[in-house]
Amino acid sequence: MKALLLIPVIIVAQMTLAAAPIQPLDFRAPAGMPDAAQVLSPADIQLDGWLGAWVLASATNRLMTADLEPLLAGYRHKPGDGPWIGEAIGKWLHAATLAWAYTGNPALCKRLDYAASELIKAQEANGYLGTYVPEKRFGLHEGAEWDVWSHKYCLLGLLTYYQFTGNEPALNACRKAADLLLRTFGPGKKSILSAGTHVGMAATSVLEPMVLLYRCTGDERYLDFARYIVKSWDEPNGPKIIQTLLTVKQVNKTANGKAYELLSNLAGLCELARATGDRQLLNPVLNAWQDIVSKRLYLTGSASRAEVFTGDYDLPNQRSAKICETCVTVTWMQLNLQLLRLTGDAKFANQIETTLYNHLAAAQNPDGDDLCPYPPLEGFKYYESGINCCHSSGPRGMALAPQTAYLKAKDNGEDALLVSTFETSSVTTELGGQPVAVAQQSEFPLKGESWLKVKSGKPARFAVRLRVPPWASPLSVKVNGTSLAVAQKDGWAVILAREWSNGDSIELLYNLGPKLVLGEHSNSGTAAMTWGPFVLAYDEKRNPGLPSARRVGFQENSVQAPGSFEPGQFLEFSSQLRTPSQGLVKAALAPFADAGRDRGAYRVWLTTPGVALAAPKADLTEGRESRSRECILRDLQGSINDGDTGSLVVTYDGQKADEDWFAVTVAEPIEVKRVTFVHGKTFHDGGWFDASVGPPQVQAQMTQGGKWVTVGVLKDYPATTATSPAGLTGAERFTCQLPQTTKVFGVRVLGKPASGDYPQAAFSSCGGLLSE
């Protein structure tokens, strides 16, 4: 069977487009460094169980339903809607092609044909495949700084589509676009750094598809251009990626530390190493990987704060820190897949698993339709349905998941099947010269038991490697009912090559947990609970009547296995947790991926065993919050008493209103002498109070459920109007000192909402309501 290129991986497959069988295409340029672990086609693998449900939800409810017209509009009518809109259609093509290969869904195939043909139709005669007007191309123009970046994703998407379909117009479009880049940038021409943000890294990340286009066509010009890109890193004011990672060995010290762009360049460097056989190119990549894993990686398998790599162990958990951008999550997963292929070392597969089961799944709404760009480890999740980079990236990660489950390799010259999943699943491929299917029936994630059964028309000789992640150890193996002592190598339990007959079986027993992980650095004094690859969280909506997540703590070995689970249901773990006033209570923990799905507050890191719990505070942090109007935008439905002023709330409902208020009420009276209101965020069409009618009022509830009484005003609130925020941007604090300490059952701030530049509606916002 011929080798087939799948962006960003090489696969072996045989697929059908509509009713016509499509044969895999040969690489015209062989790899200079053959993969140590070869990925298979999504068509050869079937994932069931917990992860399979998330993968299918993404394919069915996101990729199949996404409106393609806004993704194509910027190519048809330039300029597009926003500087980044050009990346979206290429990302969709990449993810949808993988998902179609996996599901075989003919309706998705039809959408692919349409999207690819419409994008190709919009390409200009000179090869330009972007969304900017002629005078704002290939430079750092205001609002038009991502031209090469958009070309990169068009190339990746169309190359993926071409390799699965053999569609020559798609390959021709890629060549035309690449040739335009060659005519524009290079020695004696314009520097590619001059057309890329983040010290040029956005533009130079086109390295990956350039190498892949070379592999696909055999045209040495594209490989030469890839080498030029790497050299450009060392130009004056360049990102100096290789130089920094070989010397300083820190990703936060490389260029400006922008995580998504840097990881994208490192993935391209892996492709260049594979194409050229230059193993030295992997050294900076491995240095970056080690730096991230040791100092910048969250327990949940992602990295970045406000989209950049920051200082050592700088790992805040709150939403306001904008942690673990989904684009970073997916690209981190892709980089680990590249390194797994190139080295065969299971430590990279372990990282992929952690990412898939935690931060990537946490970003996706369990229904698969919406996405949370920055899933925090404590607070709330905000699923958005619009078009942005993370919405385009998330489905790409899920579409790659099947290819991480089973791989192939050579052990002493003989075929080996690499089993990297514990889910109920199956794989069909050629092993030992015979077509072989291996079906895995698993009790995962309820119990640590799996059975693999070989299906083959004729006996086939091959080895089997079983991944042994740290959480699964010790792993015991039986072959046809007989215990087998297996040696481990590079994180795999190796069953040496033998002849397998139809019906032969492998039985696995492994440890799922629970395991208590003690927090370090900023999480000192806390702990997190894991179950197999899952990181668990306390979700307040699953625990009605129990204290908030800030007031509960673990005891040793306090988690029990889930009682039952079917794909499509949600895992839930029973746990004995400590509380400050109720003692030990039976509580529910959920996988981080599921936590907050119903907009409940949740937390991963709870008070560790042996550490005293924080006593309930006699202030608004223990109260119930409310507001005059609920926002219709899901990404702006935060909290005003969670201690995180970045999780703001707004009252936008598309309508006008004479007044807005934000309130917190408590079950038992508290003493208040000062109230602080934190402004949420200023938007072009409102978000502040109109103080031209008077400053916002502070009101209190003197009896439970009683009348609201004005007790003061925010005297330091600026002189705003309906259209002017008077300098307010966000997070500003304004305080009202009460005449005397007063016992209250609630506090609220009331004012007139502003309209900004949209007089048809008005709304206000709040980042926090505090008392002392």
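For the structure itself, look to the data block above.
Overview of the structure. (Residues numbered from 1 in each chain as written. Predicted model: local features only at pLDDT ≥ 70, side-chain atom pairs only at ≥ 80, totals over all residues. Heavy atoms only, no water.)

### Details of the overall build of the chain
In terms of helices and strands, the chain carries 15 helices and 33 strands. The globule rule puts the C-alpha radius of gyration for 772 residues at 28 Å, and the 28 Å found for the chain is close to it. Residue burial in the chain is summarised as follows: out of 772 residues, 60% are buried. Taking the contacts inside the chain whose residues are at least 6 apart along the sequence as the reference set, 71% of them involve residues at least 24 apart. Of the roughly 28100 Å² that the chain leaves accessible, carbon and sulfur atoms contribute 50%. Here the chain contributes 73 positively and 76 negatively charged side chains, and the mean placements of these two sets differ by 2 Å. (Helix = DSSP H or I, 4+ residues; strand = E, 2+ residues; numbered from the N terminus. Rg over C-alpha atoms; globule rule 2.2 N^0.38 Å. Buried < 20%, exposed > 50% of the residue type's maximum accessible area, 1.4 Å probe, protein only. Contact = heavy atoms within 4.5 Å. Areas by Shrake-Rupley, 256 points an atom, 1.4 Å probe, with all protein chains shown as cover. Lys, Arg positive; Asp, Glu negative; His and termini not counted. Charge placed at Lys NZ, Arg CZ, Asp CG, Glu CD.)

### Section: helix α14 (residues 346-363)
Because each turn of an α-helix spans 3.6 residues, side chains separated by three or four positions in sequence point in the same direction. With 18 residues, α14 extends 25 Å from end C-alpha to end C-alpha; this agrees with the ideal 26 Å at 1.5 Å per step. Along its length, α14 reaches its greatest deviation from straightness, about 45 degrees, at L356. Within α14, 16 of the 18 residues are buried, which leaves it mostly tucked inside the rest of the structure. (Expected span 1.5 Å × (residues − 1). Bend = angle between axes of the 7 residues up to and from the residue.)

### Looking at the nonpolar core
Within the largest apolar cluster, 186 residues are counted, with the highest numbers of intra-cluster contacts made by W50, W92, L466 and I506. Each residue touching L466, except ones within four places of it in the same chain, is listed here: V419, L475, V477, G491, W492, A493, I495, I506 and L508. Grouped together as the second largest cluster of nonpolar side chains are 27 residues, L620, I640, C736 and C766 included. (Core = buried A, V, L, I, M, F, W, Y, C linked by side-chain atoms within 4.5 Å.)

### What about the pattern of salt bridges?
Tallying each qualifying case throughout the model produces 35 salt bridges. The partner of E118 in a salt bridge is K121, with the nearest N and O atoms 2.8 Å apart. Of the two residues, E118 and K121 both sit in helix α4 (residues 106-122), three residues apart, roughly one turn of that helix. Residue classification places E118 among the buried positions, given a relative accessible area of 14%. Owing to a relative accessible area of 62%, K121 belongs among the exposed residues under this scheme. Between D224 and R227 there is a salt bridge; the shortest N-O distance is 3.6 Å. Here D224 and its partner R227 are both found in helix α9 (residues 220-232), three residues apart, which amounts to about one turn of the helix. A relative accessible area of 42% places D224 in the partly exposed class. A network of salt bridges, in which partner residues are shared, links D35, E271, R274 and R341. (Salt bridge = Lys/Arg side-chain N within 4 Å of Asp/Glu carboxyl O.)

### So, the side chain of E87
Its location among the elements puts E87 in helix α3 (residues 86-103). Note on E87: relative accessible area 2%, which makes it buried. In this structure, E87 is in contact with W149, S150, Y153 and C389, ignoring residues within four places of it in sequence.

### A word on the sheet that holds strand β11 (residues 434-442)
Judged by pairing direction, the sheet is antiparallel, and its seven strands sit side by side in the order β6-β10-β11-β12-β18-β14-β15 without closing on themselves. Each having just a single partner strand, β6 (45-47) and β15 (482-484) make up the two edges of the open sheet. Neighbour-to-neighbour, the strand axes of the sheet open up by a mean angle of 20 degrees, direction not taken into account. Note: strand β12 (residues 449-456) against strand β18 (residues 505-509), five bridges, orientation antiparallel. Looking at the pairing, E449 lines up with L509 of β18. (Pairing = 2+ DSSP bridges. Axes fitted to C-alpha atoms, helices over the stretch in contact; angles between N-to-C directions.)

### Section: the packing of aromatic side chains
Counted under the stated rule, the structure contains 30 aromatic pairs. Seen in terms of ring centroids, W100 and F164 are 6.4 Å apart; in terms of plane orientation they differ by 80 degrees. Their pairing is edge-to-face. In this pair, W100 sits in helix α3 while F164 sits in helix α5 (residues 147-165), placing the two residues 64 residues apart along the sequence. Ring centres of W471 and Y510 lie 6.2 Å apart, and the angle between their planes is 75 degrees; this geometry places the pair in the edge-to-face category. Taken together, the positions of W471 in the loop between β13 (460-467) and β14 (476-479) and Y510 in the loop between β18 and β19 (515-518) put the pair 39 residues apart, joining distant regions of the chain. Since its relative accessible area comes to 14%, W471 is described here as buried. Put simply, the rings of W50, W54, Y357, F422, F444, W471, Y510 and F534 pair up and form one aromatic cluster. Over the ring of F592 we find K381; its NZ or CZ atom is 5.1 Å from the centre of that ring. The ring of Y602 is capped by K381, whose NZ or CZ atom sits 5.5 Å from the centre of that ring. (Phe/Tyr/Trp six-rings, centres within 6.5 Å; stacked < 30°, edge-to-face > 60°. Lys NZ or Arg CZ within 6 Å of the ring centre and 35° of its normal.)

### Some words on the sheet that holds strand β9 (residues 414-419)
Within the open sheet, the six strands sit side by side as β5-β8-β9-β13-β17-β16. Their pairing is mixed. Since the sheet does not close on itself, it has two edges, and those belong to β5 (38-39) and β16 (487-489), each with one partner. Summarising the sheet, β9 and β13 pair through four bridges and their orientation is parallel. Its bridge partner being in β13, A416 is matched across the sheet by A463.

### Overview of empty space enclosed by the protein
Tallied over the full model, the rule gives seven cavities of 30 Å³ or more. Estimated volume of the largest cavity: approximately 140 Å³. Lining the largest cavity are 17 residues, with Y357, T404, S420, T421 and R467 positioned closest to its centre. The element best represented in the lining of the largest cavity is α14, accounting for five residues. (1 Å grid on protein atoms, 1.4 Å probe; cavity = no way out; pocket = protein on both sides within 12 Å on 5 of 7 lines; lining within 4 Å. Points joined across faces, edges and corners; volume = space filled by probe spheres on them.)

### Quick look at unusual backbone geometry
Residues apart from glycine generally show negative phi values, whereas peptide bonds are mostly found in trans. Cis geometry is adopted by the peptide bond preceding P79, which originates at K78 and carries an omega value of 0 degrees. Looking at the secondary structure, you find P79 in the loop between α2 (69-76) and α3. In the segment running from F444 into P445, the intervening peptide bond is cis, with an omega of 10 degrees. Inspection of the secondary structure assignment puts P445 in the loop between β11 and β12. Here N237, not a glycine, exhibits a phi torsion of approximately 65 degrees, which is positive. Structurally, N237 is set in the loop between α9 and α10 (241-247). We classify N237 as exposed; its relative accessible area is 71%.

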